[in-house]
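Coordinate inspection notes
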There are 4 protein chains.
Amino acid sequence: MTLMRAIITTKRGASAGRLLMRLDEAGIEARIIKDGCEAIVLAEGLINEGKLQEMPEVANFTIAKSQFPLASREWLQEESTVEIAPGVVIGGGNALVIAGPCAVEDREQIVKTAQAIKKSGAMALRGGAYKPRTNPYSFQGLGVEGLNLLSEAKRITGLPIVTEVMTPEDIDLMLPHADILQVGSRNMQNFSLLKALGKVDKPVLLKRGMMATVDEWLQAAEYILSGGNFNVILCERGIRSFEKRTRNTLDLNAVPLIKSLSHLPIIVDPSHGTGDRTLVPSMSLAAMAAGADGLIVEVHPNPKEAVSDGDQSLDLEEFDDLMRSIKRLLSAISGKSLECSKCSVAA
Amino acid sequence: MTLMRAIITTKRGASAGRLLMRLDEAGIEARIIKDGCEAIVLAEGLINEGKLQEMPEVANFTIAKSQFPLASREWLQEESTVEIAPGVVIGGGNALVIAGPCAVEDREQIVKTAQAIKKSGAMALRGGAYKPRTNPYSFQGLGVEGLNLLSEAKRITGLPIVTEVMTPEDIDLMLPHADILQVGSRNMQNFSLLKALGKVDKPVLLKRGMMATVDEWLQAAEYILSGGNFNVILCERGIRSFEKRTRNTLDLNAVPLIKSLSHLPIIVDPSHGTGDRTLVPSMSLAAMAAGADGLIVEVHPNPKEAVSDGDQSLDLEEFDDLMRSIKRLLSAISGKSLECSKCSVAA
Amino acid sequence: MTLMRAIITTKRGASAGRLLMRLDEAGIEARIIKDGCEAIVLAEGLINEGKLQEMPEVANFTIAKSQFPLASREWLQEESTVEIAPGVVIGGGNALVIAGPCAVEDREQIVKTAQAIKKSGAMALRGGAYKPRTNPYSFQGLGVEGLNLLSEAKRITGLPIVTEVMTPEDIDLMLPHADILQVGSRNMQNFSLLKALGKVDKPVLLKRGMMATVDEWLQAAEYILSGGNFNVILCERGIRSFEKRTRNTLDLNAVPLIKSLSHLPIIVDPSHGTGDRTLVPSMSLAAMAAGADGLIVEVHPNPKEAVSDGDQSLDLEEFDDLMRSIKRLLSAISGKSLECSKCSVAA
Amino acid sequence: MTLMRAIITTKRGASAGRLLMRLDEAGIEARIIKDGCEAIVLAEGLINEGKLQEMPEVANFTIAKSQFPLASREWLQEESTVEIAPGVVIGGGNALVIAGPCAVEDREQIVKTAQAIKKSGAMALRGGAYKPRTNPYSFQGLGVEGLNLLSEAKRITGLPIVTEVMTPEDIDLMLPHADILQVGSRNMQNFSLLKALGKVDKPVLLKRGMMATVDEWLQAAEYILSGGNFNVILCERGIRSFEKRTRNTLDLNAVPLIKSLSHLPIIVDPSHGTGDRTLVPSMSLAAMAAGADGLIVEVHPNPKEAVSDGDQSLDLEEFDDLMRSIKRLLSAISGKSLECSKCSVAA
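What you see is a predicted model, and the numbers here were worked out from it, not measured in a lab.

In this section: the environment of B:Gly158. Mapped onto the elements of the fold, B:Gly158 is located in the loop between helix H4 (144-157) and strand S9 (161-164). In this structure the C-alpha to C-alpha distance between B:Gly158 and B:Thr62, which are 96 residues apart in sequence, comes to 40 Å.

The structure is reproduced here in structure tokens:
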């Protein structure tokens, strides 16, 4: 009987509120993570496992030692899956490739890119409407206009949309347009944003902070999970090191490490991870070989004229080549399937 | 006549709006940074210096090559000063020591600390009401109650208050309580927050991101300045490195570097910078010897029982000793004065 | 006619010495990199390309702008190959897997390992006799006894030997035993050692310094090449970052980066790169998918009882599984062959 | 009775060899660190403190838990001192400023510098004769000629000489010329060199590796100490971080940290630590305020024409100004004396 955390699943139809009162009487703090027919409750305190098991609302529970209990393998031994759109699933053997430009620039750019990447086999379209830029005088994104163009690209191609949200105030604006809300590297520890996303019913793509350890990253995910939103996808995008030839140091060690610590799906961003178009194909293959559940790749019809990140964007043909290589790789080394999810999208 | 930026001061009473129109006709993008009797306008484009000088609204202008023109020494050669409260000034030879606990815990803790640090010569009180915590289950601060306790400590001691703001939504709540709004290391590139703080009429203490270069930091400051809020104080608080014995690596090189690049005042946080109480006095003296305009030091009446950051907090006596050492140091090596500002507070 | 470097190949039978005199007369400094029937000369100065071409000893030359001209793709567009032992080649489509324990411990350990890894398909045996240890009181290796045991393992299995050399004084001692002389991460900029290895007629495995940029690494290789030893194999083994879950941060970006900058073969050490046995298989596959020419993997018959680095060593079975996966991967994604070199060894 | 280390001082005239035999019988490994009238012996094993105390050769002993027992404060609570030359002492309240050019270039340069820095109050002259250069084609130092010029500067000024040794083979060559043998950052873990320096009767200046933690650094010092050479001076010279504005990140945290962990004197190199002449004065003062025992500063009569490191070298006048500031600082904040040691030199 020491200080510990338990993740409790309630019996069908049992009252999570009553369980909280019962735990409170026993001197144990608890919160409802997810209410519903079978609620999830997180309890913290001097837990007597025998007594906990006897509480009438408790179906089962897991004692978790991790700093990120809901994100940990302690709680869920199997990989969790996230459904992006009807039939488009990531995790549990389903790989997901997201592609598109850094920033939405105009209708032609985004639609043309969407059509091309779909043909090559990508399952979702990325594009920034609100851009976090280091310099206040740089292009900050098209804003609402950009969101509308993304929605149009979705209408035309059927591809679900991934776009970045920078502040809690913008979430409502984005919900009608986005299928996945992306949290950028610089916002990984924007805890107000993470808390707000815990209350949203949309998948969140949580990029690793360029300065974040794997443990900090999983605790950031825990912020979202503990709000009740279990649809979190992690994204390794490179950390900051002393090496100057690459924009960042893509840390592929994080892929098997996350797989051992957490049940959450993890994808890799080789574009920001290297900052160099010529390195993207090799590092994409390496990421999948390391066990990633997918990729997010910057693709632009004309990288040289891109408003931002042109140096790290593939053109449409290069992306098509990459997709072929990835399929060959997956068929050789893993049970992961890129095809079946794509079919679902196409259906 | 190449692409460049100019910071323009308008003539007294001239219309900044009219100047914008005039610049627009000349194909030059411009924005009003600060309106008023003498407005500040930032223009960007193919600027013909001769023609610019001839525009009737233009009093004078500076061509700036820096990525952070308003923060740069190109624009202001002299150190700028920030008035925290009537008579409490930082910059331009006035040093400022801020002290207080990591988190506001209760009335006794914060009032006792405020009284003690005032007696020792500190000029402002720090204390967190909203805490950015790595783990979602850690103590997140007292919130509004904490703000109220800070205000009470101010009523009793007269010390101006420094407290952290984590999201644009909280700014209004904090304005009645805070004399300086602090942006934490993890939010240094929370651009939505920076933009919102550019519209506020309160000094901002901008901590360096733990993985931010000096250039990124000054561009973050530029976000606030370009919104019209010129009262920005920088704070070096340690960067992340491979060394594990210290919580962070306090980068004192940043002090003379910032002094050469920018006119903004810079203070140092030796508490987060080292994470170790025993290193704080030495590094405080080193910071002042390096030319810092002040310090922000964690002080707690009983560090061993602190809710957070106890390992790096000085107790009241240790802080008193430190203040004596700092005064001796300043009298020997610089024209900086710690006394006069303090007197103003006391008055 | 500006200051530049030229790598000159002399005509068959021409005198390199005479060419040096001729260049000296023209005010150009030069040195013989490799003498022989067709010598390689490096010239530096105000080179007039037309006049250089006309010199009777000059067969052809390359103007190199790189800081590492002999290591650069400017000079050699095709990948260079290194022959480790008769028929065992790395580079130019030939992959090489080196395996073995961190330190040679005793006869049974090293012979058993050698036999097992050979059976699994490894082409060379690694094992440390002189160990660079952080602590002076740690086991420093068996020394000469270790070298003798390596030679015995070679006699029994035919596998060529890779072992580390720490100081110029030890080179002569090692030459009869080693087929590849390894330079460890901490010695990557031990320039006295690099110069001495430039004079040796054995391949050198140059590990990347844990804090070295790719440019510094290639310049370290240039020290060896410029001494006349062209048999250099690079080895990425992880760099130091802030992440603490892994011993190092294996920087696979370096693989395609080196491939674009240099003609030298590059292998990857996933054992030191991660410090964690459970991450080794994933990162080995990732390394090969990124385009590496091979691997160096720590293998021990009983990792739990290893004198050093047990945590990161595979056991014999795990290594066998890994080799199977690598073969599957290579057959799917590259023209690289692991089989043919192995056959050569077996022959 | 658990596995531990003891540092034993023998009784006057007792036989250290006999003590070793006695320990061996008790199953304890031991080595003589320093022989002589009162020998120092390091014992490792299952030590029974009572029995150890009873051994007739044992005068007293310290049980050390540190990984660097001889360098630790566990063994020596007081700061140790190192005598550089008759009357020139560092440590224990005596500060030492070493100055001079990166590389010895010619007679005039080194003599003029020596005379000027002596007049300004420096107590030793630095100058490189053998230079560790990243690029094999860069100037590698004057070698023996450089050593001779250093000796001449010493004859003229009386200043002791600090110069770098790169490999064990060069030590004998340097002994007649050098009063302090410097180990450069890139060689901090060149263990063969460290072992050789443990056998030398000259002070060693051990620079921190740019990639080394404080613990690794102290273990590198332990290599020298455990060889019997107790005259080790540590030198913080900047670590590698992501910041690009400075050549390195001078880690002044290391100064109080070393002071708490070790009795060895520590000086600071602000020239390499920043790579920028304009930052050197501020960081020199900061280093002394942090508690350093001295400085090593690059000074050149004409920095713009320096063969290497001109950007970070002070000219003679700048150095003179710096020395005045340092004296003012020391008089204000510490009991350290720069004057008395200088007087000794002058005598």
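Now for the nonpolar core. Counting 336 residues, the largest nonpolar core has A:Leu206, B:Leu206, C:Leu206 and D:Leu206 as its most contacted members. Apart from the residues within four sequence positions on either side, D:Leu206 is in contact with D:Val183, D:Met188, D:Leu194, D:Trp217, D:Ala220, D:Ala221, D:Ile224, D:Val232, D:Ile233, D:Leu234 and D:Cys235.

On to the relation of the copies chain A and chain D, then. Structural alignment of chain A on chain D gives an RMSD of 0.0 Å, achieved by rotating through 180° and translating 0.0 Å along the axis. In short, the pair behaves as if placed about a two-fold rotation axis. No C-alpha of chain A lies nearer the rotation axis than that of A:Phe242, which sits 2.3 Å from it. A shared binding surface is used by both copies, with 100% of the interface residues of chain A retained as interface residues in chain D.

Below, the discussion takes up the relation of the copies chain B and chain A. You can overlay chain B on chain A at an RMSD of 0.0 Å; the transform is a turn of 180° with a shift of 0.0 Å along its axis. The fraction of interface residues of chain B whose copies in chain A are also interface residues reaches 100%, indicating that both copies meet through the same surface.

To continue, consider the interface of chain A and chain D. The extent of an interface is frequently quoted as the accessible surface area lost upon association of the parts. Contact residues are listed per partner, giving four residues for chain A and four residues for chain D. Across the chain A/chain D interface, buried area totals approximately 300 Å², and carbon plus sulfur atoms make up 82% of it. It is A:Arg240, A:Phe242 and A:Lys244 that lose the most area in chain A upon contact with chain D, and together they represent 91% of the buried surface on that side. In this assembly, chain A and chain D are joined by zero salt bridges.

Below, the discussion takes up the sheet that holds strand S2 (residues 29-34) of chain C. All names here are of chain C. Taken in spatial order, the four strands of this open sheet run S2-S3-S1-S4, and their pairing is antiparallel. Edge strands, defined here as strands with exactly one partner in the open sheet, are S2 and strand S4 (58-64). When strand polarity is set aside, the average angle formed by the axes of neighbouring strands in this sheet is 25°. Of the strand pairs in this sheet, strand S1 (residues 3-10) and strand S3 (residues 40-46) are connected by seven bridges, and their pairing is antiparallel. The partner of Thr9 across the bridge, within S3, is Ile40. Where helix H1 (residues 16-25) meets the sheet, its contacts fall on S1, S2, S3 and S4, and the angle it forms with S2 comes to roughly 160°.

Residues and elements named next belong to chain B. With respect to the element layout, Ala129 can be found in the loop between strand S8 (124-126) and H4. Ala129 sits in the buried class, given a relative accessible area of 0%. It is 9.1 Å that separates the C-alpha atoms of Ala129 and Leu149, two residues lying 20 residues apart in sequence. Apart from the residues lying within four places of it in its own chain, the contact partners of Ala129 are Gln140, Gly141, Leu142, Gly143, Gly146, Leu147 and Thr163.

Residues and elements named next belong to chain A. Evaluated as defined, the whole model comprises zero disulfides over all chains. Sulfur of Cys102: no disulfide; nearest cysteine sulfur belongs to Cys235 and is 13 Å away. Residue class for Cys102 comes out buried when judged on its relative accessible area of 5%.

Residues and elements named next belong to chain A. With domains assigned, chain A is organised as domain 1 (3-65) and domain 2 (82-346). The C-alpha-based centres of domain 1 and domain 2 are spaced at 36 Å. Contact residues are listed per partner, giving four residues for domain 1 and five residues for domain 2. Counting the surface lost from both domain 1 and domain 2, the interface buries some 360 Å², and carbon and sulfur atoms represent 57% of this. On the domain 1 side of the contact with domain 2, Arg31, Ile33 and Lys34 bury the most area, a combined 86% of that side's loss. Our enumeration of links across domain 1 and domain 2 arrives at zero salt bridges. Our count for the contact surface shared by domain 1 and domain 2 stands at one residue pair in polar contact (both at pLDDT 80 or more). Among the elements that line the side of domain 1 that touches domain 2, the one with the most residues is strand S2 (residues 29-34), at three residues. When grouped by side-chain class, the residues that make up the side of domain 1 that touches domain 2 number two nonpolar, no polar and two charged.

Further remarks concern the sheet that holds strand S1 (residues 3-10) of chain D. Residues and elements named next belong to chain D. With respect to topology, four strands assemble into an open sheet ordered S2-S3-S1-S4, the strand pairing being antiparallel. Either end of the sheet is taken by a strand with one partner, and the two such strands are strand S2 (29-34) and strand S4 (58-64). When strand polarity is set aside, the average angle formed by the axes of neighbouring strands in this sheet is 25°. Sheet contacts for helix H1 (residues 16-25): S1, S2, strand S3 (40-46) and S4; angle to S2, the most-contacted strand, approximately 160°.

For the rest of this paragraph, the subject is the pattern of salt bridges. Going through the model one piece at a time under the given rule, you end up with 68 salt bridges over all chains. Measuring nitrogen to oxygen at the nearest pair gives 2.6 Å for the salt bridge that ties B:Lys207 to B:Asp269. Within this pair, whereas B:Lys207 is found in strand S11 (residues 204-207), its partner B:Asp269 is found in the loop between strand S13 (266-268) and helix H9 (270-274), the two being separated by 62 residues in sequence. Each member of the pair, B:Lys207 as well as B:Asp269, is classed as buried. Here B:Asp215 makes a salt bridge to D:Arg245, at a shortest N to O gap of 2.7 Å. Separated into two different chains, B:Asp215 in helix H7 (residues 214-226) and D:Arg245 in the loop between strand S12 (232-236) and helix H8 (254-261) make up a pair that spans both. Here the salt bridges share partners, and the residues they tie into one network are A:Arg208, A:Glu236, A:Asp251 and C:Glu243.

Turning to the UniProt feature "domain: DAHP synthetase I/KDSA" (unreviewed entry) in chain A, a few remarks are in order. Look at the UniProt record and you will see "domain: DAHP synthetase I/KDSA" (unreviewed entry) annotated at residues 86-324 of chain A. Taken as a whole, residues 86-324 of chain A contains 35% helix and 15% strand, while its terminal C-alpha atoms sit 25 Å from one another.

Each partner contributes residues to the interface: chain B has 35 residues there, and chain A has 35 residues. Both sides of the chain B and chain A interface together cover about 3,100 Å² of buried area, and 49% of this is carbon and sulfur. When the buried area of chain B at its contact with chain A is split by residue, B:Thr134, B:Tyr137 and B:Met211 rank highest and sum to 23% of it. One can count two salt bridges joining chain B with chain A. The partner of B:Glu216 in a salt bridge is A:Arg240, and the shortest N-O contact between them spans 2.6 Å. Counting across the interface, chain B meets chain A through 18 residue pairs in polar contact (both at pLDDT 80 or more). Of all the secondary structure elements, the ones that give two or more residues to the side of chain B that touches chain A are strand S3 (40-46), helix H6 (191-197) and H7 of chain B. It is H7(B) that provides the largest number of residues to the side of chain B that touches chain A, a total of five residues. Partitioned by chemical class, the residues of the side of chain B that touches chain A number 13 nonpolar, 12 polar and 10 charged.

Throughout the structure, instances matching the rule amount to eight aromatic pairs over all chains. Consider the rings of C:Phe191 and C:Tyr223, whose centres lie 4.7 Å apart with planes at 25°: the pair is stacked. Note that C:Phe191 is positioned in helix H6 (residues 191-197) and C:Tyr223 in helix H7 (residues 214-226), a separation of 32 residues in sequence. One exposure class covers both C:Phe191 and C:Tyr223, and it is buried. Seen from their ring centres, D:Trp75 and D:Phe230 are 5.8 Å apart, and the 85° between their planes marks the pair as edge-to-face. Of the two residues, D:Trp75 is situated in the loop between S4 and strand S5 (82-85) and D:Phe230 in the loop between helix H7 (214-226) and S12; the sequence distance between them amounts to 155 residues. The exposure class of D:Trp75 is buried, given its relative accessible area of 14%. A residue is classified by how much of its surface remains accessible, and D:Phe230, at 21% relative accessible area, is partly exposed.

Cut-offs and rules
- Residues numbered from 1 in each chain as written.
- Chains lettered and ligands numbered in written order.
- Predicted model: local features only at pLDDT ≥ 70, side-chain atom pairs only at ≥ 80, totals over all residues.
- Heavy atoms only, no water.
- Helix = DSSP H or I, 4+ residues; strand = E, 2+ residues; numbered from the N terminus.
- Core = buried A, V, L, I, M, F, W, Y, C linked by side-chain atoms within 4.5 Å.
- Buried < 20%, exposed > 50% of the residue type's maximum accessible area, 1.4 Å probe, protein only.
- Contact = heavy atoms within 4.5 Å.
- Least-squares fit on C-alpha atoms with pLDDT ≥ 70 in both.
- Buried area = accessible area lost by both parts, 1.4 Å probe.
- Salt bridge = Lys/Arg side-chain N within 4 Å of Asp/Glu carboxyl O.
- Pairing = 2+ DSSP bridges.
- Axes fitted to C-alpha atoms, helices over the stretch in contact; angles between N-to-C directions.
- Disulfide = S-S within 2.5 Å.
- Domains from an automatic or database assignment.
- Polar contact = N/O pair within 3.5 Å; in protein donor to acceptor, adjacent residues only side chain to side chain.
- Nonpolar A, V, L, I, M, F, W, Y, C, P; charged D, E, K, R; others polar.
- UniProt positions renumbered as here; feature names shortened; annotations may be inferred.
- Phe/Tyr/Trp six-rings, centres within 6.5 Å; stacked < 30°, edge-to-face > 60°.

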